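Listed here are the chains, written in short residue letters.
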Amino acid sequence: MRTPVTIIGAGLGGLTLARVLHLHGIPVTVHEAEPSPSARSQGGMLDIHDYNGQLALRAGGLTEEFRAIILEGRQAMRVLDPDGSVLFETADDGTGGRPEVQRGDLRRILLDSLPAGTVRWGRKATAVRPLGGGRHEVAFADGGSVVTDLLVGADGAWSRVRPLLSAARPEYTGRSIVETYLFDARTRYPATARAVGGGSMIASSPGREIFAHRESGDTLHAYVGISEPLDWFADIDVTDTAAATARIAREFTGWAPELTALITEADGAPVLRHLYALPGGHRWERVPGVTLLGDAAHLSPPNGEGANLAMLDGAELGGALAAHPGDVEAALSAYEQAMFPRSAEAAAWLPEGGAGGDVGQALIELISGHGR
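So, how was this worked out
Residues numbered from 1 in each chain as written. Predicted model: local features only at pLDDT ≥ 70, side-chain atom pairs only at ≥ 80, totals over all residues. Heavy atoms only, no water. Helix = DSSP H or I, 4+ residues; strand = E, 2+ residues; numbered from the N terminus. Buried < 20%, exposed > 50% of the residue type's maximum accessible area, 1.4 Å probe, protein only. Lys, Arg positive; Asp, Glu negative; His and termini not counted. Salt bridge = Lys/Arg side-chain N within 4 Å of Asp/Glu carboxyl O. Polar contact = N/O pair within 3.5 Å; in protein donor to acceptor, adjacent residues only side chain to side chain. Contact = heavy atoms within 4.5 Å. Axes fitted to C-alpha atoms, helices over the stretch in contact; angles between N-to-C directions. Parallel < 35°, antiparallel > 145°, perpendicular 65-115°, else oblique. Left-handed = near helix turned anticlockwise from the far one by under 90°. Nonpolar A, V, L, I, M, F, W, Y, C, P; charged D, E, K, R; others polar. 1 Å grid on protein atoms, 1.4 Å probe; cavity = no way out; pocket = protein on both sides within 12 Å on 5 of 7 lines; lining within 4 Å. Points joined across faces, edges and corners; volume = space filled by probe spheres on them.

Caption draft 1: Highlighting the side chain of D47. Locating D47 in the fold gives a position in strand β3 (residues 45-47). Of the buried charged residues, D47 lacks a salt bridge, with R98 as the closest side chain of opposite charge at 4.6 Å. For D47, the side chain forms a polar contact with the side chain of H49, separated by 2.9 Å. Setting aside residues no more than four positions away along its own chain, D47 makes contact with R98, P99, E100, G304 and N308.

Quick look at the structure:
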């Protein structure tokens, strides 16, 4: 008898877990707060690494589907000085070590790989309580609830499941990003398109950075990083696009116009996101019948590993449950003992931009020193 699994959250990690469980014949249901798969944009590009994210997709039997959504040439990367001069550049080597895909496309192939009805949409978890014996009850905003013998929190930074295991809460990292888009870039802003290049680009100075990548079609997607306390952002009203854009652009005075165009000429309103993280090396003692994966378990500042780690968490948890039929606790223990050091190691290298350092220089040193 294999214990049915209840997953809270239909992000990449939760869906990877559901896919691996499905392949092993283990009953699974995913509850997701969003009302439908298309309720919101799924974000930009992800580089999926051959040492974690691709291993997870292989475990899910989705390697061919993954290859079909790869955007060729997007592994190219360049680091620019704020004046626009190129400090470092590497081409797409064609090896497929970290190919880029659209997050929405990746989520789609995971959703398409599951039987109809596996994901229950519009199920926002509002409370979780233990019932004893490893059983838990999850209450939802729609008034419904579910009782489960095996609960997995794949519900992100502000997980409703995490408090069952840990009192840790995400804390502000000291860094925020402003997200922008530039459409039809080659036609409308050719200098900016050339500056970004065929893949991704980062330009930085202490406490300020612009990271951009070329998405499908002719769209440039930028993340403008500003390292300041939370209250510094209080007067930036993103609903007033012109005023917010002008205020953000002032922080990049003196930068090359082809770079600042990613702020000043952006299409649509800028989106402000504050970055939070759990304490480094976050872990918990084993609690019967429940565990976490992805950001719910090890939220850290963006460093290119988050989605990859979440998918590997899901694949390894699914594999552990399949390898220990009838012994859920042995499976959860095996999974957690591998996940804890892996996530701590992945978070060990983070650019110092969150504390006002130079992210671009740190990135050059990382690539030059470690071949990534």
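That was the structure; now back to the text.
Caption draft 2: Structural view of the packing of helix α1 (residues 12-23) against helix α10 (residues 306-323). With their axes 7 Å apart at the nearest point, α1 and α10 run at an angle of 25° to one another. Between α1 and α10, the crossing angle belongs to the class labelled roughly parallel. Two packed elements cross with a definite hand, and for α1 against α10 that hand is right-handed. In this structure, α1 contributes L12, G13, T16, L17, V20 and L21 to the contact, and α10 contributes A307, A310, M311, G314, A315, L317, G318, G319 and L321. Residues belonging to the contact of α1 with α10 are distributed by class as follows: 10 nonpolar, 5 polar and no charged.

Caption draft 3: The layout of surface pockets, seen in detail. One number sums up the size of the second largest pocket: a volume of about 150 Å³. Around the second largest pocket sit 14 residues that line it, and L278, P279, G280, S300 and A347 are the ones nearest its centre. Element by element, the count of residues in the lining of the second largest pocket is highest for helix α11 (residues 328-348), at 3 residues. Grouping the amino acids of the lining of the second largest pocket by side-chain chemistry returns 8 nonpolar, 6 polar and no charged.

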